[in-house]
Amino acid sequence: MDPKIWLSSPHMGEHEFSFVKEAFDTNWIAPLGPNVDGFERDLAQFTGSKHVAALSSGTAAIHLALIMLGVKAGDEVLCQSFTFSATANPIVYQGATPVFIDSETDTWNMCPVLLEEAIKDRIKKGKKPKAIIPVHLYGMPAKMDRIMAIADRYEMPVIEDAAEALGSRLNGKAAGTFGQLGVLSFNGNKIITTSGGGALISNDDNLIDQARFLATQARDAAPHYQHSQIGYNYRISNISAGIGRGQMMVIDERVKQRRRVYETYVKNLSDFEGITFLIEPVNYKSNRWLTTILIDPIKSGGLTRETIRLILEKKNIEARPLWKPMHTQPVFENYPAYINGVSEALFEQGLCLPSGSNLNDQQLQKVIGLIKNTVSNAVNC
Ligand SMILES: *Cc1c(COP(=O)(O)O)cnc(C)c1O
């Protein structure tokens, strides 16, 4: 069998282990300690956000954000449909209703026109949604200037799901720093990883203080264990945060490496009829977490994304269809949705290619060669 080529695998630098070793040497094995503080400082500095709470996962971060914004049973939350289920699940944890919003074609993220339409319609139906969750999918920033203008007009808070977008920028400003709260993830497949982890970022120190309080079982100030709110066990461990500190030393390099992977695919594959790439609009910078292609069967001689995926799979190369929109998922299909067909078309035609920062040239050329062959054969017959 050919050696596996992963979609996106962990890529350690040189310093992760020394931070972890220091945690062992000093017996800081708890969900607090110098690595947690240091990791939060690194993230604040890198994103330009004033305050950061490092947590156990991106999902936990979204859950806490909803709790702090007062989302309760029966409330509605506007959520990008084209995303991973972890964006929407915490809405349902709260007993609230996700209302899904489709995408636009420039960034593949939340469509501002549909967003405003949905807000007006939900208000007309008698309920103003409690929050808006846009996502910076695959690292491409959503149209945050327009989304924030709408959110401000209707006085609604925004939680930005930047789980895939650490290192992405819009007009020079970091993804995750436009809304009241931004969400980061350090799961194993993300651009940097702590093996599992997440963070909430915000310029509002009250929100971040409250996040830390809720994430450590909501313990009131008292010598005994005193609680006046429901708490959660959502803090990151000092061990994981040590890995995170090492990873933050190479984040700029990781962004460069991922962008180079994207550029290599573009250089080698964009001449083929029927294959297109997601281009950065002016002033948008994507971390290119994953390189994605669209394959249009009408232009490619009948070739589909599934043909290419299966050919890669046979060679032990992991490629995946784009996220299946939430409004088409069995678990979410009965919730309200404002749809224009964009995310469904992207799902039909889109494929994520191996994009890890640790791919070598030989691996990349292998993937490119297989796709080139498949496409040339399809066009010839
Ligand atoms: C990974 C991811 C999450 C969840 O992060 P975890 O750390 O895995 O809980 C949320 N939203 C998006 C878009 C993601 O890709």
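Residues numbered from 1 in each chain as written. Predicted model: local features only at pLDDT ≥ 70, side-chain atom pairs only at ≥ 80, totals over all residues. Heavy atoms only, no water.

### Topic: the sheet that holds strand E13 (residues 320-321)
Turning to step 1, where the next piece is worked out: One open sheet accounts for 4 strands, arranged E10-E12-E15-E13; its pairing is antiparallel. What marks the edges here is a single partner per strand, and that holds for strand E10 (275-277) and E13.
Turning to step 2, where the next piece is worked out: Pairing between strand E12 (residues 291-295) and strand E15 (residues 350-353): 4 bridges, direction antiparallel. When the sheet's bridge partners are listed, Ile 293 is paired in E15 with Leu 351.
Turning to step 3, where the next piece is worked out: On top of the sheet, helix H10 (residues 305-314) reaches E12, E13 and E15; it is set at about 25° to E15, its chief contact. (Pairing = 2+ DSSP bridges. Helix = DSSP H or I, 4+ residues; strand = E, 2+ residues; numbered from the N terminus. Contact = heavy atoms within 4.5 Å. Axes fitted to C-alpha atoms, helices over the stretch in contact; angles between N-to-C directions.)

### Describing the domain arrangement of the protein
Turning to step 1, where the next piece is worked out: Here the domain parsing of the protein yields domain 1 (16-250) and domain 2 (252-380).
Turning to step 2, where the next piece is worked out: Centre-to-centre, using C-alpha coordinates, domain 1 lies 26 Å away from domain 2.
Turning to step 3, where the next piece is worked out: Listed as interface residues are 47 residues of domain 1 and, on the opposing side, 37 residues of domain 2.
Turning to step 4, where the next piece is worked out: A combined buried area of about 3800 Å² lies between domain 1 and domain 2, and 63% of that area is made up of carbon and sulfur atoms.
Turning to step 5, where the next piece is worked out: The interface formed by domain 1 and domain 2 contains 0 salt bridges.
Turning to step 6, where the next piece is worked out: Viewed at the interface, domain 2 and domain 1 are joined by 24 residue pairs in polar contact (both at pLDDT 80 or more).
Turning to step 7, where the next piece is worked out: Looking at the side of domain 1 that touches domain 2, the elements with two or more residues in it are helix H4 (89-93), strand E3 (97-101), helix H5 (112-124) and strand E6 (169-170).
Turning to step 8, where the next piece is worked out: Element by element, the count of residues in the side of domain 1 that touches domain 2 is highest for E3, at 5 residues. (Domains from an automatic or database assignment. Buried area = accessible area lost by both parts, 1.4 Å probe. Salt bridge = Lys/Arg side-chain N within 4 Å of Asp/Glu carboxyl O. Polar contact = N/O pair within 3.5 Å; in protein donor to acceptor, adjacent residues only side chain to side chain.)

### Describing the side chain of Glu 76
Turning to step 1, where the next piece is worked out: In this structure, Glu 76 sits in strand E2 (residues 76-80).
Turning to step 2, where the next piece is worked out: Overall, the relative accessible area of 8% leaves Glu 76 in the buried class.
Turning to step 3, where the next piece is worked out: Looking at Glu 76, its side chain comes within polar contact range of the side chain of Arg 122, at 2.9 Å.
Turning to step 4, where the next piece is worked out: When residues no more than four places from it in sequence are discounted, the contact partners of Glu 76 are Thr 97, Val 99, Arg 122, Lys 127, Pro 129, Lys 130 and Ala 131. (Buried < 20%, exposed > 50% of the residue type's maximum accessible area, 1.4 Å probe, protein only.)

### Overview of the pattern of salt bridges
Turning to step 1, where the next piece is worked out: Inspection of every chain in the model, using the stated rule, returns 18 salt bridges.
Turning to step 2, where the next piece is worked out: A salt bridge links Arg 235 to Glu 40; the nearest nitrogen and oxygen atoms lie 2.7 Å apart. Here Arg 235, found in the loop between helix H7 (205-215) and helix H8 (238-248), pairs with Glu 40, found in helix H2 (residues 34-47); they are 195 residues apart in sequence, far enough to count as distant.
Turning to step 3, where the next piece is worked out: For Arg 235, a relative accessible area of 13% translates into the label buried.
Turning to step 4, where the next piece is worked out: Put simply, Asp 106 and Lys 143 hold a salt bridge, and the shortest N to O gap is 2.6 Å.

### Some words on the sheet that holds E6
Turning to step 1, where the next piece is worked out: The strand order E7-E6-E11 describes an open sheet built from 3 strands, whose pairing is antiparallel. Two strands bound the open sheet, and with one partner strand each, they are strand E7 (173-174) and strand E11 (284-285).
Turning to step 2, where the next piece is worked out: The sheet contact formed by E6 and E11 spans 2 bridges and is antiparallel. Note on E11: the bridge partner recorded for Leu 170 is Tyr 284.

### What to know about the side chain of Ser 357
Turning to step 1, where the next piece is worked out: Mapping Ser 357 onto the fold places it in the loop between E15 and helix H12 (361-380).
Turning to step 2, where the next piece is worked out: Its relative accessible area of 7% is what places Ser 357 among the buried residues.
Turning to step 3, where the next piece is worked out: Of note is the side chain of Ser 357, whose polar atom sits 2.8 Å from the side chain of His 11.
Turning to step 4, where the next piece is worked out: Setting aside chain neighbours within four positions, we find Ser 357 in contact with His 11, Arg 254, Gln 257 and Arg 258.

### Focus on the site of the ligand
Turning to step 1, where the next piece is worked out: In the neighbourhood of the ligand, 15 residues make up the surrounding shell, with Thr 59, Asp 161, Glu 164, Ser 185 and Lys 190 lying closest.
Turning to step 2, where the next piece is worked out: Residue Ser 185 places a side-chain N or O atom 2.7 Å away from an oxygen atom belonging to the ligand.
Turning to step 3, where the next piece is worked out: Measuring from an oxygen atom of the ligand, one finds a side-chain N or O atom of Lys 190 at 3.3 Å.
Turning to step 4, where the next piece is worked out: With the chains in place, 94% of the 380 Å² that the ligand exposes on its own is no longer accessible.
Turning to step 5, where the next piece is worked out: Its residues assigned to classes, the shell around the ligand comprises 4 nonpolar, 8 polar and 3 charged. (Near = heavy atom within 4 Å. Areas by Shrake-Rupley, 256 points an atom, 1.4 Å probe, with all protein chains shown as cover. Nonpolar A, V, L, I, M, F, W, Y, C, P; charged D, E, K, R; others polar.)

### Regarding the packing of aromatic side chains
Turning to step 1, where the next piece is worked out: This structure, assessed with the given rule, holds 9 aromatic pairs.
Turning to step 2, where the next piece is worked out: With a centroid separation of 6.5 Å and an interplanar angle of 70°, the aromatic rings of Phe 82 and Tyr 138 are classed as edge-to-face. You can see Phe 82 sitting in the loop between E2 and H4 and its partner Tyr 138 sitting in the loop between strand E4 (131-133) and helix H6 (144-153), a full 56 residues away along the chain. Each member of the pair, Phe 82 together with Tyr 138, is buried.
Turning to step 3, where the next piece is worked out: An angle of 45° between the planes, with centres 6.1 Å apart, marks the rings of Phe 332 and Tyr 335 as tilted.
Turning to step 4, where the next piece is worked out: Judged by its relative accessible area of 2%, Phe 332 is buried.
Turning to step 5, where the next piece is worked out: Using a relative accessible area of 27% as the deciding quantity, one classes Tyr 335 as partly exposed.
Turning to step 6, where the next piece is worked out: Here the aromatic cluster, defined as three or more aromatic residues joined through ring pairs, consists of Phe 82, Trp 108, Tyr 138 and Trp 289.
Turning to step 7, where the next piece is worked out: Sitting above the plane of the Phe 178 ring, Lys 173 keeps its charged end 5.1 Å from the centroid. (Phe/Tyr/Trp six-rings, centres within 6.5 Å; stacked < 30°, edge-to-face > 60°. Lys NZ or Arg CZ within 6 Å of the ring centre and 35° of its normal.)

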